Amino acid sequence: MEILPEIKKRKSPLVFDGREVETEKVKAVIEAARWSPSCYNNQPWNFVFVGKNDRNRFALEESLSLGNSWAKKAPYLVAVGADPSKDCDANKIPYYAYDTGLSVMSAAIEAEHHGLRVHQMAGWKEEKVKRAVGFPKGFRLLVVFALGYEGSVKTLWDKLEQKVKDRLAQPRTRKPAKENFFFGEFKGNK
Ligand SMILES: Cc1cc2nc3c(=O)[nH]c(=O)nc-3n(C[C@H](O)[C@H](O)[C@H](O)COP(=O)(O)O)c2cc1C
């Protein structure tokens, strides 16, 4: 079935090229995230883009879990957080996190449109990341993502860690649509 090419080809790469990302492309990614929908138009997201030469880059890299070492190659590591105390008040649902996720997805699709890739991560030490990027105490860190051009797996194969090679050997999969998409009423497992 045909879907938007940016959605179809989007993937989370494990190999980034060190090549710098053009400022205009970074601005486009920011603009896409900025125009995301949010509960009461609260726009709770905060993105901190940390480039290779930023003084806090090392501290941010050190906050990532070992399994995410591949991300250190990316030209940008982006910490995304929000203030739960300024959330929109509805249904006792943490919409600040929901909204921020929407903005990251918009960023990822825009990145894809410009030939870039985003790989989101939940593997990090929250306090370390917050300290590295200067998020206030009350913020929650929601995700860190790597942004850049995907590297050539073929060219870099010999330099890749075995763990990365093993992951690359696995196919990308999804559950069949009938497991979580329904018409009329929920027909999934109760
Ligand atoms: C919130 C979130 C957290 C994730 N955390 C990690 C992570 O810590 N390390 C990692 O390698 N991938 C992480 N991923 C990437 C997922 O593993 C990936 O999106 C999933 O396997 C589907 O693959 P695809 O993005 O290529 O379609 C995360 C993705 C999301 C959305």
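Residues numbered from 1 in each chain as written. Predicted model: local features only at pLDDT ≥ 70, side-chain atom pairs only at ≥ 80, totals over all residues. Heavy atoms only, no water.

> Help me understand the state of the cysteines, please; the structure alone is not making it clear to me.
Linking two cysteines covalently via their sulfur atoms produces the bond known as a disulfide. The full count for this structure, using the stated rule, is one disulfide. Sulfur-sulfur distance for the disulfide between Cys39 and Cys88 comes to 1.9 Å. Every disulfide takes its handedness from the sign of the S-S torsion; for Cys39 and Cys88 that torsion is 70°, giving right-handed. One end of the pair, Cys39, is in the loop between helix H2 (23-34) and strand E1 (46-51); the other, Cys88, is in the loop between strand E2 (76-82) and helix H4 (95-113), and 49 residues separate them in sequence. (Disulfide = S-S within 2.5 Å. Helix = DSSP H or I, 4+ residues; strand = E, 2+ residues; numbered from the N terminus.)

> Any chance you could explain the sheet that holds strand E4 (residues 140-148) here in plain terms?
Strand pairing within a sheet occurs via backbone hydrogen bonds; the two strands may be parallel or antiparallel. Here we have four strands laid out as an open sheet, ordered E1-E2-E4-E3, and antiparallel in their pairing. Each of the sheet's edge strands pairs with one partner strand only, and the pair in question is E1 and strand E3 (117-121). Going across the sheet, the axis of each strand differs from the next one's by a mean of 25°, ignoring polarity. Bridge count between E3 and E4: five bridges; the pairing is antiparallel. Its bridge partner being in E4, Arg117 is matched across the sheet by Gly148. (Pairing = 2+ DSSP bridges. Axes fitted to C-alpha atoms, helices over the stretch in contact; angles between N-to-C directions.)

> Would you take a moment to explain the packing of H2 against H4 for this structure?
The relative placement of two packed helices is expressed as an angle between their axes plus a distance between the axes. Their axes nearest at 7 Å, the elements H2 and H4 cross at an angle of 145°. Two packed elements cross with a definite hand, and for H2 against H4 that hand is right-handed. Each of Ala28, Val29, Ala32 and Ala33 in H2 lies in contact with H4, whose residues at this interface are Ser103, Ser106, Ala107, Glu110 and Ala111. Considering only residue class, the contact of H2 with H4 consists of six nonpolar, two polar and one charged. (Left-handed = near helix turned anticlockwise from the far one by under 90°. Contact = heavy atoms within 4.5 Å. Nonpolar A, V, L, I, M, F, W, Y, C, P; charged D, E, K, R; others polar.)

> Looking at this structure, I do not really get the pattern of salt bridges. What am I missing?
Here the idea is simple: oppositely charged side chains can pair when their charged atoms come close. One pass over the full model with this rule turns up ten salt bridges. Salt-bridge contacts for Glu61 lead to Arg57; the nearest nitrogen and oxygen are separated by 2.8 Å. Of the two residues, Glu61 and Arg57 both sit in helix H3 (residues 57-62), four residues apart, roughly one turn of that helix. With relative accessibility at 14%, the residue Glu61 sits in the buried group. In this structure, Glu126 and Arg140 form a salt bridge, with 3.0 Å as the shortest nitrogen-oxygen distance. Of the two residues, Glu126 sits in helix H5 (residues 126-133) while Arg140 sits in strand E4, which places them 14 residues apart along the sequence. Residues participating in the shared-partner salt-bridge network are Lys9, Lys11, Glu112, Arg117 and Glu150. (Salt bridge = Lys/Arg side-chain N within 4 Å of Asp/Glu carboxyl O. Buried < 20%, exposed > 50% of the residue type's maximum accessible area, 1.4 Å probe, protein only.)

> Could you clarify how one ought to interpret H2 in this entry?
The terminal C-alpha atoms of H2, which comprises twelve residues, lie 16 Å apart, in line with the 16 Å expected from a rise of 1.5 Å per residue. Residues Val26, Ala28, Val29, Ala32 and Ala33 constitute the buried set of H2. Within H2, the buried residues cover an arc of 155° as seen down the axis, which keeps them to one side. In H2, the exposed positions angled more than 90 degrees off the buried face are occupied by Thr23 and Glu24. If you follow the buried residues of H2, they end up packed against E1, E2 and H4. (Expected span 1.5 Å × (residues − 1). Arc of directions from axis to C-beta.)

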